[in-house]
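Report on the structure
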Amino acid sequence: MSKILVIFGTRPEAIKLFPVIAALAARPGLSVRTCVTAQHRGLLDQVLAIAGLVPDIDLDLMEPGQTLDRLTARLLVGLGEVMDSERPDLVVVQGDTATAMTGALAAYYRKVPVAHVEAGLRSGDIHHPWPEEVNRRIVAPIAMLHFAPTQTAADALLRENVAAETVHVTGNTVIDALHWTRDRVAADPGLGAGLDAVVQRFAGKRVILVTTHRRENFGDGMASIARAIARIAARDDVAVIFPVHPNPNVVSVMDAILGDRSNIARIEPLDYPTFVRALGVADIVLTDSGGVQEEAPALGKPVLVMRETTERPEGVAAGTARLIGTDEDRIVSEIFTLLDDKAGYAAMARAHNPFGDGRSAPRIAAIIAQRFAPTLAPAGTR
Ligand code: UDP
């Protein structure tokens, strides 16, 4: 048996890895162990509960007001200790978090091979997304398997001289998670019922779903976003559903600027099925999230991205996403244009799947099994 240690710490990593963990566990010859760092405690636990995942190891590292350097140091030490006791044959990390970066580094220090899920995304700007652009880049020279969601991501790795035979275009596992969750919500409407009251309250209005949490938008950017939301919600025909990220840099600004407004539902972060349902009822998505930029095109939801650059240009190329930055006037005018221009809206509201077909996790598991359980991989996957 080869031991595969899957490491993650935040909500988006958990969403994007639970399909991979299931696909790996279904492979004979692989023994899967999971380690969470709990870099974000509450948001991570919401996903673990929905996915029915009980981690084998929980480092529970989150501290209030954690600085990047302290977090990074504690992650590196904690994950190194886990690797010393687990002695895995392969470490799997996902994306661009401090957990992914330190997980790869701790494995490298022990000469344990690393597989990187969602490899190769590049904005080309080390300050956007910050510090995630550099976190993701640090994993690249370490990993021996790179699972690039798109050809664009694979090409970026090849430009950095990553060996071509180690790069596999698999699609993004977020689409696997989205399909699985959408099917579960359809089969069990009780899931996602937490949204019922808001949906009833806003019946007949055009719904804008907002999420914002990017570190580089803290401060002026966040205040500008809040003022824009207030102006948008002043329209009678519009309602805003806004699950507010628990980071105090977000909550305090939204509390101060938005106060209580009848057209804005400022709510707690939604569990994943409820958020998928919110995406379904939204007319427009306004976000600075990475994952939401990938989900919205798959559902045909126009998504306005409050960033200057993106490491996910495929949504923009497909015509479902537009980069609009964080300037207050620009956000308001982009939303109003989309609300009032039927043809422009229809052109953006077409479903595209630039990020994957929902079969990425089994592809990744097959490639790992081929390498780490070769005699056991079923015929056709070798
Ligand atoms: N999400 C969620 N509940 C929410 C807001 C977002 O489940 O209230 C999901 C969303 O569908 C996406 C992921 O969380 O899959 C994105 O996480 P986040 O925006 O925190 O991180 P990023 O993707 O920007 O790294």
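Just above, that's the structure.
Small disclaimer: the values here were computed from a predicted structure and weren't measured.

Overview of the overall build of the protein
On a plain count of helices and strands, the protein comes out with 16 helices and 13 strands. Taking 382 residues into account, the globule formula puts the C-alpha radius of gyration at 21 Å, and the protein, at 20 Å, falls close to it. With the C-alpha coordinates of the protein rotated into their principal frame, the extents come out at 65 × 45 × 45 Å. Residues counted as buried form 57% of the 382 residues belonging to the protein. Considering only intrachain contacts with a sequence separation of at least 6, the fraction spanning at least 24 residues in the protein is 69%. If you sum the accessible surface of the protein, you get close to 15,100 Å²; carbon and sulfur atoms cover 53% of it. Of the side chains in the protein, 39 bear a positive and 45 a negative charge, and the two mean positions are spaced by 3 Å.

Regarding the site of the ligand
Around the ligand, the surrounding shell holds 14 residues, and the nearest of these are Leu270, Ser289, Gly290, Gly291 and Glu295. One nitrogen or oxygen atom from the side chain of Arg11 is found 2.9 Å from an oxygen atom belonging to the ligand. One nitrogen or oxygen atom from the side chain of His213 is found 2.9 Å from an oxygen atom belonging to the ligand. The protein chains hide 94% of the 540 Å² of surface that the ligand would expose on its own.

Things to note about the pattern of salt bridges
Summed over the entire model, instances satisfying the criterion amount to 31 salt bridges. Notably, a salt bridge pairs Arg227 with Glu328, separated by 2.7 Å at the nearest N-O pair. Taken together, the residues Arg227 in helix 9 (residues 220–233) and Glu328 in helix 14 (residues 328–340) connect sequence positions 101 residues apart. Glu328 sits in the buried class, given a relative accessible area of 17%. Of the charged contacts in the structure, one is a salt bridge between Arg363 and Asp357, with a shortest N-O distance of 2.6 Å. Take Arg363: its relative accessible area is 33%, and that puts it in the partly exposed class. Classification of Asp357 as partly exposed rests on a relative accessible area of 41%. Each of Lys16, Asp96, Glu118, Arg136, Glu294, Arg307, Glu311 and Arg312 takes part in salt bridges that share partners, so that together they form one network.

Some points on the packing of aromatic side chains
Taken as a whole, this structure holds 2 aromatic pairs when the rule is applied. Taking the centre distance of 5.1 Å and the plane angle of 65° together, the rings of Phe18 and Trp180 count as edge-to-face. Of this pair, Phe18 sits in helix 1 (residues 11–25) while Trp180 sits in helix 7 (residues 173–187), and the two are 162 residues apart along the sequence. Seen from their ring centres, Tyr108 and Tyr109 are 6.0 Å apart, and the 40° between their planes marks the pair as tilted. A residue is classified by how much of its surface remains accessible, and Tyr108, at 51% relative accessible area, is exposed. Judged by its relative accessible area of 55%, Tyr109 is exposed. Positioned above the aromatic ring of Tyr345 is the side chain of Arg206, whose terminal nitrogen or guanidinium carbon lies 5.9 Å from the ring centre. Sitting over the ring of Phe336, Arg235 keeps its end group 4.9 Å from the ring centre.

Side note on the sheet that holds strand 5 (residues 114–117)
With respect to topology, 7 strands assemble into an open sheet ordered 3-2-1-4-5-6-7, the strand pairing being parallel. With one partner strand each, in any of the chains shown, strand 3 (57–58) and strand 7 (167–169) form the two edges of the open sheet. Lying over the sheet, helix 3 (residues 68–86) contacts strand 1 (2–8), strand 2 (30–36), strand 3 and strand 4 (90–94), oriented at roughly 165° with respect to strand 1.

A short note on unusual backbone geometry
Backbone phi values are negative for most residues with the exception of glycine, while trans is the configuration of most peptide bonds. His128 connects to Pro129 through a cis peptide bond whose omega is -5°. Summarising the element assignment, Pro129 is placed in the loop between strand 5 and helix 5 (132–139). Here Trp130 and Pro131 are connected by a cis peptide whose omega angle stands at 0°. Of note, Pro131 is situated in the loop between strand 5 and helix 5. The backbone of Lys111 sits at a positive phi, close to 60°, despite the residue not being glycine. Structurally, the position occupied by Lys111 is in the loop between helix 4 (98–109) and strand 5.

A closer look at the sheet that holds strand 12 (residues 303–305)
Strands sit in the order 10-9-8-11-12-13 across an open sheet of 6 strands; the sheet is parallel. The open sheet has two edge strands with one neighbour each: strand 10 (264–267) and strand 13 (321–323). Sheet twist, expressed as the average angle between the axes of neighbouring strands with direction ignored, equals 20°. Summarising the sheet, strand 8 (residues 206–211) and strand 11 (residues 284–287) pair through 4 bridges and their orientation is parallel. What sits directly across from Ile208, in strand 11, is Ile284. Most of the contacts of helix 11 (residues 272–281) go to strand 8, to which it runs at about 140°, and overall it touches strand 8, strand 9 (238–243) and strand 11.

What counts and what doesn't
Residues numbered from 1 in each chain as written. Predicted model: local features only at pLDDT ≥ 70, side-chain atom pairs only at ≥ 80, totals over all residues. Heavy atoms only, no water. Helix = DSSP H or I, 4+ residues; strand = E, 2+ residues; numbered from the N terminus. Rg over C-alpha atoms; globule rule 2.2 N^0.38 Å. Buried < 20%, exposed > 50% of the residue type's maximum accessible area, 1.4 Å probe, protein only. Contact = heavy atoms within 4.5 Å. Areas by Shrake-Rupley, 256 points an atom, 1.4 Å probe, with all protein chains shown as cover. Lys, Arg positive; Asp, Glu negative; His and termini not counted. Charge placed at Lys NZ, Arg CZ, Asp CG, Glu CD. Near = heavy atom within 4 Å. Polar contact = N/O pair within 3.5 Å; in protein donor to acceptor, adjacent residues only side chain to side chain. Salt bridge = Lys/Arg side-chain N within 4 Å of Asp/Glu carboxyl O. Phe/Tyr/Trp six-rings, centres within 6.5 Å; stacked < 30°, edge-to-face > 60°. Lys NZ or Arg CZ within 6 Å of the ring centre and 35° of its normal. Pairing = 2+ DSSP bridges. Axes fitted to C-alpha atoms, helices over the stretch in contact; angles between N-to-C directions.

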